[in-house]
Amino acid sequence: MNKGRTEQLKKPWFTQLLLSTARLVIWLSLSSGVILSNKWLLHPMRFPFPVSLTCWHMAVSAVVGAVAVRSGMVAKQQLSWKTWAKICVPVGALSAAALFFGNMSFMYLTVSFMQMLKANMPVIIFIVGCLFATEVFTLASFSIMVVIAAGVGMASYGELNFSLLGVLCMFSAMSCEAVRLTLVQTLLQRQDLQLNPLSTLYYIMPISVACLLPIAFVTEARGLSECRWLTYHALPSLLANAGGAVALNLSIYIVVGTMSALTMKLAAIVKDIGLVAVSCALFGDTLTFPGVFGYSIALLGVCVYNYRKIHMQELPPVNSKLDLKRGPAESETLLPAKNSDSNWQIAAVGKSVS
């Protein structure tokens, strides 16, 4: 059991409940706030530059990570050039691609419809996991994936503001995210690396910035030079937006060490439902019965899949003779003995897709 969870168990149950609730509320608020602020910023009358916004998020994250590492707040990892090229470069490039396509989706889709499409994320992760041999194909899992995909398809059919380009951007973002998560899971475990959240920003984010900066210069430099909104209101809004993204990274690291996997996954579903309702109130998104019904079916499939996956991870391995060396079950903690903090952190940067 990790240190944070052990210290938590020593406190009275009421204190534990208050602290856990506070952490969860902060995480949900930051996650929702970053998504809504991205949508607000990317309005055509404000800052309609998704590449530059993504690059800005990652640049600020890289600066925060560099300050933390250089000042000695966190330990600096000794990475060889081979390890850096094999792990940091592909993860950084995929992070940039996932956030770029995710921010592009804000230009064409409503926030409510984006949350509905994100219910399809387990399907994409399952497909990628089967291709990379990190997931086992079973008829039961496949059946659940079909239910989720059918629900998302029905929600798409009922969407009044459907945009094929926006849907393609969203699925590209989820595909890049799924591949990136799979690479993090396989590569970091093989290399025996332990990167905390701040050192992850230090090593990964500069690569993401380097990938996006040329694209931003070619596609958005002229528009940025002519953007009147930058003259008056940009700096406070952009700083708050990027600060929220960095705070979200740190909050995820704190929350996952003290919450069960099931609690996190269910809370994420509640957050998505809440975002659908809030986006309807703030941005005037319109929901239809087929859309709501399809989204409900997809969420039901996601809940069944999450419960089944966590339940399977709790079961002991069939031929294990050294059960005492196994890490804690995922239902006990989301931070196993090795590498899960880096896995979650790398997944968290920007959070425009999730």
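Residues numbered from 1 in each chain as written. Predicted model: local features only at pLDDT ≥ 70, side-chain atom pairs only at ≥ 80, totals over all residues. Heavy atoms only, no water.

So, the overall build of the protein chain
Helix and strand content of the protein chain: 14 helices and 0 strands. Shown N-terminal to C-terminal, the secondary structure of the protein chain runs as helices and strands in the order α-α-α-α-α-α-α-α-α-α-α-α-α-α. Across the 354 residues that make up the protein chain, the buried fraction comes to 48%. Once local pairs closer than 6 in sequence are excluded, the contacts in the protein chain between residues at least 24 apart make up 86%. For the protein chain, the accessible area works out to roughly 17,100 Å², and carbon and sulfur atoms hold 69% of it. (Helix = DSSP H or I, 4+ residues; strand = E, 2+ residues; numbered from the N terminus. Buried < 20%, exposed > 50% of the residue type's maximum accessible area, 1.4 Å probe, protein only. Contact = heavy atoms within 4.5 Å. Areas by Shrake-Rupley, 256 points an atom, 1.4 Å probe, with all protein chains shown as cover.)

Let's talk about helix α6 (residues 121-131)
Turning to α6, its buried residues number three or more, namely Met 121, Pro 122, Val 123, Ile 124, Phe 126, Val 128 and Gly 129. Remark: Ala 133 follows α6 within two positions and exhibits a positive phi of approximately 65 degrees.

Considering the packing of helix α3 (residues 50-70) against helix α4 (residues 81-106)
When two helices pack together, their arrangement is captured by the angle between the axes and the distance separating the axes. Relative orientation of the contacting elements α3 and α4 amounts to 135 degrees, with a least axis distance of 9 Å. In this view, α3 runs oblique relative to α4, as classed from their interaxial angle. The two elements α3 and α4 cross, and the hand of that crossing is right-handed. Side by side, α3 and α4 meet where Pro 50, Val 51, Leu 53, Thr 54 and Met 58 of the first sit next to Ser 95, Ala 96, Leu 99, Phe 100, Asn 103 and Met 104 of the second. Residue classes in the contact of α3 with α4 are distributed as 8 nonpolar, 3 polar and no charged. (Axes fitted to C-alpha atoms, helices over the stretch in contact; angles between N-to-C directions. Parallel < 35°, antiparallel > 145°, perpendicular 65-115°, else oblique. Left-handed = near helix turned anticlockwise from the far one by under 90°. Nonpolar A, V, L, I, M, F, W, Y, C, P; charged D, E, K, R; others polar.)

So, the confidence of the model for the protein chain
Per-residue pLDDT for the protein chain averages 76, and the proportion of residues at 70 or more is 76%. Per-element confidence in the protein chain ranges from a low mean pLDDT of 36 for helix α14 (residues 340-348) to a high of 88 for α3. Segment residues 318-354: pLDDT under 50, and 104 contacts once partners within four positions in sequence are set aside and those in other chains are kept. (pLDDT = per-residue confidence, 0-100.)

Regarding the side chain of Ser 141
Within the secondary structure, Ser 141 is located in helix α7 (residues 139-157). On the basis of relative accessibility, which here comes to 6%, the residue Ser 141 falls in the buried class.

Focus: the state of the cysteines
Two cysteines whose sulfur atoms are joined by a covalent bond form what is called a disulfide. All chains considered together, the criterion is met by 0 disulfides. This cysteine, Cys 55, is not joined by any disulfide, and Cys 211 carries the nearest cysteine sulfur, 9.8 Å off. (Disulfide = S-S within 2.5 Å.)

Regarding the packing of aromatic side chains
One pass over the full model with this rule turns up 8 aromatic pairs. Centre to centre, the rings of Trp 81 and Trp 84 are 5.6 Å apart; their planes meet at 80 degrees, and the pair counts as edge-to-face. With Trp 81 and Trp 84 both in helix α4 and 3 residues apart, this pair spans about one turn of that helix. Looking at Trp 81, the relative accessible area reads 71%, which means it is exposed. Grouped by ring-pair contacts, the aromatic residues Phe 126, Phe 137 and Phe 142 constitute a single cluster. (Phe/Tyr/Trp six-rings, centres within 6.5 Å; stacked < 30°, edge-to-face > 60°.)

Some remarks on the environment of Leu 239
Structurally, Leu 239 can be placed in helix α11 (residues 234-256). Remark: the alpha-carbon pair of Leu 239 and His 57, spanning 182 residues in sequence, is separated by 9.1 Å.

Quick word on the pattern of salt bridges
A full pass over the atoms with the stated rule returns 2 salt bridges. Linking Arg 180 and Glu 177 is a salt bridge whose minimum nitrogen-to-oxygen distance equals 2.5 Å. Of the two residues, Arg 180 and Glu 177 both sit in helix α8 (residues 164-191), 3 residues apart, roughly one turn of that helix. Taking relative accessible area as the criterion, Arg 180 reaches 1% and is therefore assigned buried. Between Glu 226 and Arg 222 there is a salt bridge whose closest N-O contact spans 3.6 Å. As far as burial versus exposure is concerned, Glu 226 and Arg 222 are alike and both exposed. (Salt bridge = Lys/Arg side-chain N within 4 Å of Asp/Glu carboxyl O.)

Describing the nonpolar core
By size, the foremost hydrophobic cluster in this structure holds 41 residues, and its most contacted members are Leu 109, Leu 117, Met 145 and Ile 148. When contributions to this core are tallied by element, the ones reaching two or more residues are α2 (13-41), α5 (111-118), α6, α7, α8, α11, α12 (261-283) and α13 (289-314). Filtering out sequence-adjacent residues up to four positions away, Met 145 remains in contact with Pro 122, Val 123, Phe 126 and Tyr 305. In this structure, Ala 96, Met 104, Cys 169 and Leu 198 belong to the second largest nonpolar core, which totals 25 residues. (Core = buried A, V, L, I, M, F, W, Y, C linked by side-chain atoms within 4.5 Å.)

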